[in-house]
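An overview of the molecular structure
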Amino acid sequence: MEILKTRLIEKAVSDLDAHGLLDPLLADMARKRKDPYSISEKVVDHSFAFHFLNGGKQGSTKGRGKRR
């Protein structure tokens, strides 16, 4: 369970950083504009939604919504 928790945290932080979202979230928390609990819920919800919108694949969202 600890390995899973660690990997999920690493993945979430990496994805946020790659998309330029990590620093603004940390700044909002530091300025007490947002609390860590609500931010963590949004990150988890969006991470899973993004994964499923991409058909379980990593990478760009090109072609999303097109079916063959």
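These figures come from a predicted structure and were not determined experimentally.

Observations concerning the confidence of the model for the protein
A residue-level look at the protein finds 68% of positions with pLDDT of 70 or above and a mean pLDDT of 77. Mean pLDDT across the elements of the protein ranges from a minimum in helix H3 (residues 36-53), with 76, to a maximum in helix H2 (residues 22-30), with 91. Contacts of residues 60-68 to residues separated by more than four positions or lying in other chains number 4 contacts, the stretch itself having pLDDT below 50.

With respect to the environment of Thr-6
Mapped onto the secondary structure, Thr-6 falls in helix H1 (residues 2-18). Overall, the relative accessible area of 40% leaves Thr-6 in the partly exposed class. In terms of polar contacts, Thr-6 uses its side chain to reach the backbone carbonyl oxygen of Glu-2, at 2.9 Å.

Looking at the side chain of Asp-28
Structurally, the position occupied by Asp-28 is in helix H2. Classification of Asp-28 by relative accessible area gives buried; the value is 14%. The contact partners of Asp-28, leaving out residues within four places of it in the chain, are Arg-33 and Lys-34.

Examining H1
For H1, built from 17 residues, the straight-helix expectation of 24 Å at 1.5 Å per residue is met to within 8% by its first-to-last C-alpha distance of 24 Å. In the stretch just after H1, Gly-20 is the one whose phi turns positive, near 70°.

Some details on the nonpolar core
Ala-12, Leu-16, Leu-22, Leu-25, Ile-39 and Val-43 form the largest nonpolar core, which has 6 residues in total. Breaking this core down by element, the ones donating at least two residues are H1, H2 and H3. Non-local contacts of Leu-25, meaning those with residues more than four positions away in its chain, are made with Leu-16, Ile-39 and Val-43.

Quick notes on the pattern of salt bridges
Side-chain pairing between opposite charges can occur once the charged atoms of the two side chains come close. In total, this model carries 4 salt bridges according to the counting rule given. Among the salt bridges present, the one from Lys-11 reaches Asp-15, with a minimum N-O distance of 2.8 Å. Note that Lys-11 and Asp-15 are positioned in helix H1 at a spacing of 4 residues, about one turn of the helix. Taking relative accessible area as the criterion, Asp-15 reaches 27% and is therefore assigned partly exposed. Across the pair Asp-28 and Lys-34 runs a salt bridge whose closest N-O atoms are separated by 3.7 Å. A relative accessible area of 36% means that Lys-34 is categorised as partly exposed.

What counts and what doesn't
- Residues numbered from 1 in each chain as written.
- Predicted model: local features only at pLDDT ≥ 70, side-chain atom pairs only at ≥ 80, totals over all residues.
- Heavy atoms only, no water.
- pLDDT = per-residue confidence, 0-100.
- Helix = DSSP H or I, 4+ residues; strand = E, 2+ residues; numbered from the N terminus.
- Contact = heavy atoms within 4.5 Å.
- Buried < 20%, exposed > 50% of the residue type's maximum accessible area, 1.4 Å probe, protein only.
- Polar contact = N/O pair within 3.5 Å; in protein donor to acceptor, adjacent residues only side chain to side chain.
- Expected span 1.5 Å × (residues − 1).
- Core = buried A, V, L, I, M, F, W, Y, C linked by side-chain atoms within 4.5 Å.
- Salt bridge = Lys/Arg side-chain N within 4 Å of Asp/Glu carboxyl O.

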